[in-house]
Amino acid sequence: MSKIGILPLMGLIVACTPQDVPPPSRSAQFETYPTRLFDTFEVGCDGPGEDFRRVGNRLFECTELLPPETTAFLILNYDGYPQDLPKSVMRLTSTKNSGGYRVDAELYFNVPRQNAPDIQVPVESEQLDKALTALYRAMGGAPS
């Protein structure tokens, strides 16, 4: 999912939350299957260069092409293959447990290489973590 595309939407949610919120988290617990969360995630992944993929009811992924400077940086620094460009990946994974469903988010740059496995470069972002926490809460989840 586009960091640029989803963050304004999430920014609105962040602005409306109380100030006594728990620390940011990329995980949350839901009592019931969070259909609305996954539907929102899919709708938010419809911009230029974005591609949504759903693997059953467990894994949801949004990939996006990157700006030229970021693409070049990743190719040069991680031995990327220029004929298969790096992309940003946001993945939501749901796992059924005794309390309902746990949702975990991952954000990374996927860098394809010609003669080796792809490299996944993790993206750390406090702003994204705060936005995810707010989104989870707005959708009825308890960030953990």
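Use the structure listed above.
Residues numbered from 1 in each chain as written. Predicted model: local features only at pLDDT ≥ 70, side-chain atom pairs only at ≥ 80, totals over all residues. Heavy atoms only, no water.

We now examine the nonpolar core. The biggest cluster of nonpolar side chains holds 25 residues, and the ones touching the most others in it are Phe 30, Leu 37, Phe 41, Leu 92, Val 103 and Tyr 136. The contacts of Leu 37, once residues within four sequence positions are left out, are Phe 30, Leu 92, Val 103, Leu 135, Tyr 136 and Met 139. (Core = buried A, V, L, I, M, F, W, Y, C linked by side-chain atoms within 4.5 Å. Buried < 20%, exposed > 50% of the residue type's maximum accessible area, 1.4 Å probe, protein only. Contact = heavy atoms within 4.5 Å.)

Attention now moves to helix α4 (residues 126–138). Taking 1.5 Å of rise per residue, 13 residues should cover 18 Å, and α4 covers 18 Å from first to last C-alpha, within 8% of that figure. Along α4, the residues classified as buried are Leu 128, Asp 129, Ala 131, Leu 132, Thr 133, Ala 134, Leu 135 and Tyr 136. With its phi angle positive at about 95 degrees, Gly 140 sits one or two positions after the end of α4. (Helix = DSSP H or I, 4+ residues; strand = E, 2+ residues; numbered from the N terminus. Expected span 1.5 Å × (residues − 1).)

This paragraph deals with unusual backbone geometry. Of note, the phi angle at Asp 79 is positive, near 55 degrees, even though the residue is not glycine. Within the secondary structure, Asp 79 is located in the loop between α3 (68–77) and β4 (87–97). Exposure remark for Asp 79: the relative accessible area of 58% places this residue in the exposed category.

The full count for this structure, using the stated rule, is one disulfide. With its sulfur 2.0 Å from that of its partner, Cys 45 forms a disulfide with Cys 62. Here Cys 45 and Cys 62 share a disulfide; its torsion about the S-S bond, 85 degrees, makes the bridge right-handed. With Cys 45 in the loop between α2 (35–43) and β2 (50–55) and Cys 62 in strand β3 (residues 59–65), this residue pair connects regions lying 17 residues apart in the sequence. Like Cys 62, Cys 45 is buried. (Disulfide = S-S within 2.5 Å.)

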